[in-house]
Amino acid sequence: MKRFALLLAASGLMAAAPLPKIVAQPNGRHVFLVDGAPFVMLGGQANNSSNYPAMLPKVWPVLHALHANTLEMPVAWEQVEPVEGRFDFSFVDTLIREARENRVRLVLLWFGTWKNTSPNYAPAWVKMDNARFPRMRTADGKAHGVLSPHSRSTLEADKRAFVALMTHLRDADPDNQVIMVQVENEIGSYGLARDHSPEAERLFRGPVPAALAKLKGRGGTWSEVYGDFAEQAFASWHMARYADEIAAAGKAVKALPMYCNSAMGSPFDAKSASTTPSGGPQWNMIDLWKAAAPHIDLVAPDIYNHDAREVTQILSYYDRPDNALFVPELGNAPDQARYLWGILGRGAIGVAPFGTDATGYANYPLGAKALDAATLEAFASKYAVFADISRQWARIAAAGPSWGVAKGADAADRSTAFGRWRANVSFEQWEFGERDWTWIKSEPHPTKGQPVGGAVVAQLGPDEFLVAGSDARVRFSLASPAAGESGAIVRVEEGTYDESGRWVMARVWNGDQTDYGLNFTHQPVLLRVKMGVWRG
Ligand code: DGJ
């Protein structure tokens, strides 16, 4: 049957499903086309060792509870090629079949040469044979745990397995249940900035490649061109080229979008970030990675930070006209759920909290102590707003402008301009009344000091907005009103979009629901807001 479908597709009698792709927009945003239409990935990433059929019953219910539309799942080199040259894709087949039944798309994570930098997911025949698959060397010649990116035999072996995976996807997944593939996982090395093998030493003493000389506007040795960051740049170039060669070979078989993720060092301290780890697409090496890895569609941050300033800074690094914003891992603690507003508001093509299955393994202190009902709800309540309108939201966010914000440690207001309007988001306020009321006493708001709150605002027309949020108050005002001008709410509708993209109103907000701004409670809703100006 599958072969018949392939034959029909090849003969042109049946159109093959269009491949997912990421398309840059003239405004610097991106749109992720899945089945030929805009799609925003509301994902969840399974725990590392959930990549076996027996675990899947513990995965799907959590994905559904989250209102997620995509599962990110590891596919380990050790599991698909336990014996050299003998491939077993039975898990991939089960995964695709069950994903289809569960109406959830897939992003496969290729755990190959590097998984959180280490070779633990390489098959035993690779990781135990360090003559054929050498590990990096320290300056005094000792072995470091990480596999060297300068080894052709390691690259060829990894590439062969990855191409086998992509060949299997081409043949076994003609409908593209799998929409994207991650190449390796958190590439780089900790505790050693670069390999010191004889070959690495030789290359390090030589000039930077022409592409980097062009990028930096000067040639010379790594130290001359990159100064204090020479070792990081050297490792990044060679690891990025390695990943790129694997991606290129895989894409030649099935051209799915491919990306590499990075563990995040401090977003405010390049020197400390340069070693956490060294070699991956760290925020200070994005330009280099772009030059080195043209077959990697995007580089992406894994965000486990709890601090809103850091998260905002990281997002601003990876949100570039030449790099679609995508957050493949977000910490799954309740306080981190508010970052969904900032991520989706910026027009990200997708996001996935990490560890979203019921296998019971906790990710604290990076993420949640337990994936209990309240934790799940923190993410699910926000996903629920976007789940039904994911195609529509993807269209709106790609067209822009849109904006998203999460409460910071200072709980200060955040605001931005949309044409003649200013949108202001404030926190820790009762739904009724104003902060500066002195004529009546009120208790502090229950969210005071709590890491909750955020909102998204998308501009649909000069005076029209789509707004959603939780634990926040949103207000629009004229940015610079002329004499006698006043901005006013014309109409606020709560509702959603139906599948055809038509707005369906549930009710109109007015009176107490608009007199003190648009107050979003803990339960997010979607509003369509029309503003206007009256004169007098
Ligand atoms: C980041 C890695 O990419 C994941 O595979 C996992 O190890 C998480 N860290 C755990 O927080």
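Quick notes on the rules
Residues numbered from 1 in each chain as written. Predicted model: local features only at pLDDT ≥ 70, side-chain atom pairs only at ≥ 80, totals over all residues. Heavy atoms only, no water. Helix = DSSP H or I, 4+ residues; strand = E, 2+ residues; numbered from the N terminus. Buried < 20%, exposed > 50% of the residue type's maximum accessible area, 1.4 Å probe, protein only. Lys, Arg positive; Asp, Glu negative; His and termini not counted. Salt bridge = Lys/Arg side-chain N within 4 Å of Asp/Glu carboxyl O. Contact = heavy atoms within 4.5 Å. Near = heavy atom within 4 Å. Polar contact = N/O pair within 3.5 Å; in protein donor to acceptor, adjacent residues only side chain to side chain. Nonpolar A, V, L, I, M, F, W, Y, C, P; charged D, E, K, R; others polar. Domains from an automatic or database assignment. Buried area = accessible area lost by both parts, 1.4 Å probe. Pairing = 2+ DSSP bridges. Axes fitted to C-alpha atoms, helices over the stretch in contact; angles between N-to-C directions. Parallel < 35°, antiparallel > 145°, perpendicular 65-115°, else oblique. Left-handed = near helix turned anticlockwise from the far one by under 90°. Core = buried A, V, L, I, M, F, W, Y, C linked by side-chain atoms within 4.5 Å. Phe/Tyr/Trp six-rings, centres within 6.5 Å; stacked < 30°, edge-to-face > 60°. Lys NZ or Arg CZ within 6 Å of the ring centre and 35° of its normal.

Novice: Lay out the side chain of K382 in plain terms, naming residues and giving numbers.
Specialist: Mapped onto the elements of the fold, K382 is located in helix α15 (residues 373-387). As a buried residue without a salt bridge, K382 has its nearest oppositely charged side chain in D471, at a separation of 5.8 Å. Those residues in contact with K382 that sit more than four places away from it in its chain are A337, R338, L340, W341, S470 and P524.

Novice: Break down the site of the ligand for me, citing the residues and quoting the values.
Specialist: Around the ligand, the surrounding shell consists of N48, K115, N116, N185, E186, D302, Y304, E329, F354, N363 and L366. At 3.4 Å, a side-chain N or O of E186 approaches an oxygen atom of the ligand. In terms of residue class, the shell around the ligand is built from 3 nonpolar, 4 polar and 4 charged.

Novice: Summarise the pattern of salt bridges; cite the residues concerned and give the values.
Specialist: Following the criterion strictly, the structure yields 32 salt bridges and no others. In this structure, the salt-bridge partner of D244 is R241, at a minimum N-O distance of 3.7 Å. You can see D244 and its partner R241 sitting in helix α10 (residues 230-253), 3 residues apart, about one turn around the helix. D244 gets classed as buried once you look at its relative accessible area, which sits at 4%. Taking the shortest distance from any N to any O, the salt bridge between R491 and E493 comes out at 2.7 Å. Judged by its relative accessible area of 38%, R491 is partly exposed. Beyond isolated ion pairs, a larger network of salt bridges with shared partners links R152, E156, K159 and E245.

Novice: So what about the domain arrangement of the chain? Which residues, and what values?
Specialist: Each assigned domain of the chain is listed with its residue range as follows: domain 1 (2-400) and domain 2 (406-535). The C-alpha centroid of domain 2 is placed 36 Å from the C-alpha centroid of domain 1. With 17 residues of domain 1 in contact, the opposing surface of domain 2 contributes 24 residues. The junction of domain 1 with domain 2 conceals about 1600 Å² of combined surface from both sides, 68% of it contributed by carbon and sulfur atoms. Linking domain 1 to domain 2 there are 2 residue pairs in polar contact (both at pLDDT 80 or more). Contributing elements (two or more residues each) for the side of domain 1 that touches domain 2: α14 (339-345), α15 and α16 (390-399). Ranked by the residues each element gives to the side of domain 1 that touches domain 2, the list is headed by α15, at 5 residues. Looking at the side of domain 1 that touches domain 2 residue by residue, the class counts come to 8 nonpolar, 4 polar and 5 charged.

Novice: Go over the sheet that holds strand β14 (residues 402-406), please, and point to the residues and values.
Specialist: Strand order across the open sheet formed by 6 strands is β14-β17-β18-β23-β20-β21, with antiparallel pairing between neighbours. The sheet is open, and its two edges are formed by β14 and β21 (503-509), each paired on a single side. For this sheet the average axis-to-axis angle between neighbouring strands, irrespective of direction, equals 30°. Relative to strand β17 (residues 454-461), β14 runs antiparallel, the two being bridged by 5 bridges.

Novice: Could you give an account of the packing of helix α7 (residues 198-205) against α10, with specific residues and numbers?
Specialist: In contact at an axis separation of 11 Å, α7 and α10 are set at 115° when each is read in the N-to-C sense. As the angle between them shows, α7 and α10 are arranged roughly perpendicular. Along this stretch, α7 crosses α10, giving a crossing that reads as right-handed. Two secondary-structure elements touch here, α7 through A200, L203 and F204 and α10 through A230, E231, F234 and H238.

Novice: Go over unusual backbone geometry, please, and point to the residues and values.
Specialist: Looking along the chain, the bond that leaves Y364 and enters P365 is cis, with omega of 10°. Here P365 is to be found in the loop between β13 (350-353) and α15. The omega torsion across G400 and P401 is -10°, close enough to zero to call that bond cis. If you trace the backbone, P401 turns up in the loop between α16 and β14. A positive phi angle, near 55°, is found at D35, a position not held by glycine. Of note, D35 is situated in the loop between β2 (30-34) and β3 (37-38). Positive phi outside glycine occurs at N116, with the angle close to 50°. With respect to the element layout, N116 can be found in the loop between β6 (105-115) and α5 (124-127).

Novice: Quick rundown of the sheet that holds strand β1 (residues 21-24)? Include the residues and the values.
Specialist: Taking strand neighbours across the sheet as the criterion, the 3 strands line up as β1-β2-β3 in an open arrangement whose pairing is antiparallel. Sheet topology places β1 and β3 at the edges, where each strand pairs with a single neighbour. One ladder, built from 2 bridges, connects β2 with β3; its direction is antiparallel. Counterpart to V34 in the pairing with β3 is A37.

Novice: How would you explain the nonpolar core if you had to name every residue and give the values?
Specialist: By size, the foremost hydrophobic cluster in this structure holds 115 residues, and its most contacted members are L71, W222, W289 and W393. Looking at which domains feed residues into this core, each of domain 1 (2-400) and domain 2 (406-535) gives three or more. The residues touching W393, leaving out its near neighbours within four places in the chain, are V40, L344, G345, F386, V456, A458 and L466. In terms of nonpolar packing, the next biggest core, distinct from the first, is built from 22 residues, A423, A472, V492 and M531 among them.

Novice: Please give an account of the packing of aromatic side chains that cites residues and values.
Specialist: Where two aromatic rings form a pair, the distance of their centres and the angle of their planes describe that pair. In this structure the tally under the stated criterion is 25 aromatic pairs. Seen from their ring centres, W125 and F133 are 5.9 Å apart, and the 65° between their planes marks the pair as edge-to-face. Assessed through its relative accessible area of 16%, W125 is described here as buried. Take F133: its relative accessible area is 0%, and that puts it in the buried class. By way of ring pairs, the aromatic residues W77, W110, W125, F133 and F162 are connected into one cluster. The ring of F268 has R309 lying over it, and the distance from NZ or CZ to the ring centre is 4.6 Å. Above the ring of Y364, the side-chain terminus of K369 is found at 4.7 Å from the ring centroid.

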